[in-house]
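Listed below are the residues making up each chain.
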Amino acid sequence: MHLIGSVIRPPSEADSILLQVTLGCSHNKCAFCGAYKGKPFRVVPEADVEAALDFAATSCRRQRRVFLCDGDAMVLSVNRLTRLLGRIREKLPFVNRVSAYANARSLRAKSVDELAGLRGLGLHTLYMGLESGDQDTLSAMGKADAAADIVAAGQKVRQAGLRLSVTVLLGLAGMKRSGIHAERTGAALSEMDPDQAAALTLMLIPGTPLHADWKAGRFVLPDAQGMLGELAALLAHTHLSRGLFLANHASNFLPLKLRLPRDKDTALALIGRALAGDVPLRPDHVRAL
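Reference entry: report on the structure contained in this document. (Residues numbered from 1 in each chain as written. Predicted model: local features only at pLDDT ≥ 70, side-chain atom pairs only at ≥ 80, totals over all residues. Heavy atoms only, no water.)

**What to know about helix α6 (residues 147–159)**
Helix length check: α6, at 13 residues, gives a terminal C-alpha distance of 19 Å against a target of 18 Å (1.5 Å per residue), a fit within 8%. Looking at α6, one finds that the buried residues are Ala147, Ile150, Val151, Ala153, Gly154, Lys156 and Val157. Elements that come into contact with the buried residues of α6 comprise α3 (104–108), α4 (112–120), β6 (123–131), α5 (135–140), β7 (163–170) and α7 (178–192). Once α6 finishes, glycine 161 follows within two positions and takes phi at roughly 85°, a positive value. (Helix = DSSP H or I, 4+ residues; strand = E, 2+ residues; numbered from the N terminus. Expected span 1.5 Å × (residues − 1). Buried < 20%, exposed > 50% of the residue type's maximum accessible area, 1.4 Å probe, protein only. Contact = heavy atoms within 4.5 Å.)

So this is what it looks like as structure tokens:
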């Protein structure tokens with residue numbers, strides 16, 4: 001499989017066939033993100049996608065999932081996505097689910113019925129980056145979509161019967177708005193009510209505007225204790241009807257995997273013990289993006 005540049009995919013898609021249908025990110029201006037720097041956004045020609053499908057049909061027969069790369073596959077029109085999902089079904093009959101990243105702008109142009117139609121053709125999971133439910137934080141970070149628009153898009157995904165996974169970033173508001181960021185992010189997650197929510201811990205990437213702000217003293221990153229306190233506040237304000245809440249990414253200080261609402265009190269107690277120094281944290285030198 002010929003892949004162009006570095007490819008970012010969710011941890012749960014580690015065993016998926018990675019099918020590039022777009023390159024880069026159509027926004028690519030978030031202050032904290034260095035994922036697609038130097039990789040201008042464009043749509044991959046259908047002939048190139050067809051060649052990748054031919055390769056997967058003969059060389060990826062043990063894999064049962066397809067992840068549509070790069071960061072903005074759902075920007076494709078419904079007609080293009082319909083053709084694509086049809087070709088995946090035809091050429092890769094052994095695949096049982098297709099997933100992709102999505103953002104509010106790309107979903108705004110698609111109705112619930114259209115998304116439900118894509119689900120009927122094999123689209124299974126959409127991954128959305130909320131990052132924060134605090135609009136001031138999103139604005140400061142140059143996020144393309146408003147918090148309310150991200151929440152509405154996530155609700156549309158759920159209404160269409162698609163599985164929704166939402167990512168948030170601990171530490172994104174710095175020290176100044178940490179508590180507000182945690183509370184409003186928990187509230188936004190509650191409104192979206194995703195099947196899975198994942199909290200990652202912000203790690204500053206050299207070359208990004210946020211890293212420059214940190215070096216200049218304009219942004220103060222919470223320490224491990226601050227991140228744990230933020231995680232506790234976020235979790236306390238997150239009320240899902242059912243679903244997974246993950247904080248087990250390599251960036252996190254305290255790996256957590258729980259099912260809400262069942263395990264919330266147990267997790268909050270564990271975080272409390274960690275804050276008291278009774279539970280060891282993941283050392284900085286082994287944390288990673």
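**Focus on a nonpolar patch on the surface**
Judged by side-chain polarity, Met1, Leu3 and Phe55 come together as a nonpolar surface patch covering roughly 220 Å² of accessible area. With a relative accessible area of 31%, methionine 1 lands in the partly exposed category. (Patch = residues over 30% accessible without salt bridge, like charges linked within 9 Å, V, L, I, M, F, W, Y side chains within 5 Å. Areas by Shrake-Rupley, 256 points an atom, 1.4 Å probe, with all protein chains shown as cover. Salt bridge = Lys/Arg side-chain N within 4 Å of Asp/Glu carboxyl O.)

**Some points on the side chain of aspartate 72**
Structurally, the position occupied by aspartate 72 is in the loop between β4 (65–69) and α2 (78–91). Although aspartate 72 is buried, it makes no salt bridge; arginine 105 carries the closest opposite charge, 5.3 Å away. In contact with aspartate 72, other than residues within four places in its own chain, are Thr22, Gly24, Ser26, Phe41, Asn103 and Ser106. (Lys, Arg positive; Asp, Glu negative; His and termini not counted.)

**Here's the deal with the environment of proline 93**
When you line up the elements, proline 93 lands in the loop between α2 and β5 (97–102). Distance from proline 93 to leucine 53, taken between C-alpha atoms, is 11 Å for residues 40 residues apart in sequence.

**Considerations on the nonpolar core**
Leu19, Leu68, Met74, Ile88 and Leu92 are the most contacted members of the largest nonpolar core, which has 71 residues in total. Ranked by the residues each element gives to this core, the list is headed by helix α9 (residues 224–236), at 7 residues. Sequence-distant contacts of isoleucine 88, defined by excluding residues within four places in its chain, comprise Leu19, Leu53, Val66, Leu68, Pro93, Val95 and Val98. In terms of nonpolar packing, the next biggest core, distinct from the first, is built from 10 residues, Ala31, Leu202, Leu204 and Leu210 among them. (Core = buried A, V, L, I, M, F, W, Y, C linked by side-chain atoms within 4.5 Å.)

**Let's talk about the pattern of salt bridges**
Inspection of every chain in the model, using the stated rule, returns 19 salt bridges. Aspartate 213 is the partner of arginine 218 in a salt bridge, and the nearest nitrogen-oxygen pair spans 2.8 Å. In this structure arginine 218 comes out as exposed when scored by relative accessible area, which is 59%. The salt bridge partner of aspartate 263 is arginine 262, with a shortest N-O separation of 2.8 Å. Aspartate 263 gets classed as buried once you look at its relative accessible area, which sits at 19%.

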